[in-house]
Amino acid sequence: MDREKQEHLEVWMRDYSDTLYTWASYKLNDANLAKDLVQDTFISALQAWERFEGRSSIKTWLTSILNNKIRDHYRKNKNRMFSLDEMAGERPIDDFFDSNGSWKPEHRPQLWGEDETALLDQTAFRDALYNCIDGLSDRFKNVMVGKYLEKKESADLCQELGISATNFWQILHRAKVQLRNCLDSTWFKHAE
Amino acid sequence: MHWLMLSCKRATQLMEKKMHFGLSPIEKMQLKLHKKACKYCTAYEKQNEIIDQVLQENMAEKVQAYCLSEEEKQRMMETVRKSDSISPSS
């Protein structure tokens, strides 16, 4: 290995390995596999280095190599992206809606006070929200992290997760209904 | 049910679709009509937007970061180095 490559590798390892590892861990839900794919990403990046034209940042470039590896992994290993384990803790959507698709009486959304946008400034509200997210299934969490952590275009994210667009917003819908319900019961205890 | 009338389940699904992909003109109209008639879904949409805004603003701070130890990084670097010296492109 020449010195130039060696130096690149050291910089990448120092600056990006943890970010890539975090990203892969959420998407794969498997720390060892995440490590392997990050390692493979660096191997591929070194091989392709001469072809890197600097049109994007190094981080973006490395992330796209990693995402390809994640996609390949899903393509090779299973057609179904989500395991039952990853779905543990999910409430069926019919917990919230009746057979006509109307809100069940106990789950009808009520206003969260007079000025709901004021909630945005409340740290405690934000904390409650993230506590609720912690209680969601891995599948719900991963989709949300993918969407909101990297501010990805939804279409790109669907491709990386190996799911269709319809599947994607339906999963997010279920995640949000459950999340909102959790906030309802932990943060806003309605005085009934 | 009239084709223009959505159920609450469908209406709230469309709100999610709207956020991430956008809606067709018919879907827009259906959703508008539904919200006019349904205060629960109107409340839901507002709250969903608040949730969305919080997530947009600071999901990054709240996500638990995973870190590789120095030892793991060294080991990884070693493996990558070796693979590069045997690969045909180097």
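Because the structure is a prediction, the values reported are computed rather than measured.

Undergrad: Even after reading the chapter, I still don't get the overall build of chain A, so can you show me in this structure?
TA: A count of helical and extended segments in chain A gives seven helices and zero strands. Its helices and strands in sequence order give chain A the pattern α-α-α-α-α-α-α, from N to C terminus. For chain A, whose C-alpha radius of gyration is 21 Å, the value lies well above the compact-globule estimate of 16 Å for 192 residues. Here chain A, with 192 residues, has 51% of them falling under the buried criterion. When contacts within chain A are restricted to residue pairs at least 6 apart in sequence, those whose partners lie at least 24 apart make up 69%.

Undergrad: Looking at this structure, how should I read the nonpolar core?
TA: Ranked by size, the top nonpolar core spans 65 residues in total, and within it Trp12, Phe42, Trp61, Phe125, Leu129 and Met144 of chain A together with Leu55 of chain B carry the most contacts. Broken down by element, this core gets its largest block of residues, ten residues, from helix H1 (residues 3-28) of chain A. The contact partners of leucine 55 of chain B, leaving out residues within four places of it in the chain, are Leu129, Tyr130, Ile133, Met144, Tyr148 and Lys176 of chain A. Grouped together as the second largest cluster of nonpolar side chains are 15 residues, Phe97 of chain A together with Ala11, Leu14 and Met15 of chain B included.

Undergrad: Would you explain helix H2 (residues 31-48) of chain A in this entry?
TA: Two residues of an α-helix separated by three or four positions point the same way, owing to the 3.6 residues in each turn. Residues and elements named next belong to chain A. Compared with an ideal rise of 1.5 Å per residue, which puts 18 residues at 26 Å, H2 spans 26 Å between its outermost C-alpha atoms and is within 8% of the ideal. Of the positions making up H2, those classed as buried are Leu33, Ala34, Lys35, Leu37, Val38, Gln39, Thr41, Phe42, Ile43, Ala45, Leu46 and Ala48. Measuring from the backbone nitrogen of asparagine 32 back to the side-chain oxygen at the start of H2 gives 3.1 Å, which picks out aspartate 30 as the cap.

Undergrad: Looking at this structure, how should I read the environment of arginine 71 of chain A?
TA: Residue and element names in this part refer to chain A. If you trace the backbone, arginine 71 turns up in helix H3 (residues 58-77). With relative accessibility at 16%, the residue arginine 71 sits in the buried group. Taking the C-alpha atoms as reference, arginine 71 lies 5.5 Å from glutamate 160; in sequence the two are 89 residues apart. Apart from the residues lying within four places of it in its own chain, the contact partners of arginine 71 are Gln159 and Glu160. One polar contact links arginine 71 to asparagine 68, side chain to side chain, over a distance of 2.4 Å.

Undergrad: Looking at this structure, I do not really get the environment of threonine 12 of chain B. What am I missing?
TA: With respect to the secondary-structure elements, threonine 12 of chain B resides in helix H1 (residues 8-20). Leaving out residues up to four positions away in the same chain, threonine 12 of chain B has contacts with Phe97, Trp103 and His173 of chain A together with Cys41 and Tyr44 of chain B.

Undergrad: Quick question: what am I supposed to make of the packing of H1 of chain A against helix H5 (residues 138-149) of chain A here?
TA: The geometry of a pair of packed helices is captured by two quantities: the angle between their axes and the separation between those axes. Residues and elements named next belong to chain A. Between H1 and H5, the least distance of the axes is 8 Å, while the angle of their chain directions is 145°. For the element pair H1 and H5, the recorded crossing hand is left-handed. Between H1 and H5, the residues in contact are Trp23, Tyr26 and Lys27 and Asn142, Val145, Gly146 and Leu149, respectively.

Undergrad: So what exactly am I meant to see when it comes to the state of the cysteines here?
TA: Per the counting criterion, the structure on display carries one disulfide over all chains. With its sulfur 2.0 Å from that of its partner, cysteine 132 of chain A forms a disulfide with cysteine 182 of chain A. The chirality of the disulfide connecting cysteine 132 of chain A with cysteine 182 of chain A is left-handed, given an S-S dihedral of about -80°. Highlighted residues: cysteine 132 of chain A in helix H4 (residues 123-134) and cysteine 182 of chain A in helix H7 (residues 165-186), separated in sequence by 50 residues. Between cysteine 38 of chain B, a cysteine without a disulfide, and cysteine 41 of chain B, which holds the nearest cysteine sulfur, the sulfur-to-sulfur distance is 3.7 Å. Judged by its relative accessible area of 9%, cysteine 38 of chain B is buried.

Undergrad: I would appreciate a short explanation of the side chain of glutamine 39 of chain A in the present structure.
TA: Looking at where glutamine 39 of chain A falls in the secondary structure, it is placed in helix H2. Ignoring any residue separated from it by four or fewer positions in sequence, one finds glutamine 39 of chain A in contact with Met76, Thr79 and Val80 of chain B.

Undergrad: Is there a simple way to think about the pattern of salt bridges in this case?
TA: Once the charged atoms of two side chains with opposite charge are near each other, the side chains can pair. If you walk through the whole model with that rule in mind, you get 18 salt bridges over all chains. Across the pair aspartate 52 of chain B and lysine 176 of chain A runs a salt bridge, and its minimum N-O distance is 3.8 Å. Taken together, the residues aspartate 52 of chain B in helix H3 (residues 39-62) and lysine 176 of chain A in helix H7 connect one chain to another. A relative accessible area of 10% means that aspartate 52 of chain B is categorised as buried. By relative accessible area, lysine 176 of chain A is classed as buried at 0%. With its nearest N and O atoms 2.7 Å apart, the salt bridge here joins arginine 81 of chain B to glutamate 78 of chain B. Of this pair, arginine 81 of chain B and glutamate 78 of chain B both sit in helix H4 (residues 70-86), three residues apart, roughly one helical turn. Of the residues examined, arginine 81 of chain B reaches a relative accessible area of 23% and is grouped as partly exposed.

About the cut-offs
Residues numbered from 1 in each chain as written. Chains lettered and ligands numbered in written order. Predicted model: local features only at pLDDT ≥ 70, side-chain atom pairs only at ≥ 80, totals over all residues. Heavy atoms only, no water. Helix = DSSP H or I, 4+ residues; strand = E, 2+ residues; numbered from the N terminus. Rg over C-alpha atoms; globule rule 2.2 N^0.38 Å. Buried < 20%, exposed > 50% of the residue type's maximum accessible area, 1.4 Å probe, protein only. Contact = heavy atoms within 4.5 Å. Core = buried A, V, L, I, M, F, W, Y, C linked by side-chain atoms within 4.5 Å. Expected span 1.5 Å × (residues − 1). Polar contact = N/O pair within 3.5 Å; in protein donor to acceptor, adjacent residues only side chain to side chain. Axes fitted to C-alpha atoms, helices over the stretch in contact; angles between N-to-C directions. Left-handed = near helix turned anticlockwise from the far one by under 90°. Disulfide = S-S within 2.5 Å. Salt bridge = Lys/Arg side-chain N within 4 Å of Asp/Glu carboxyl O.

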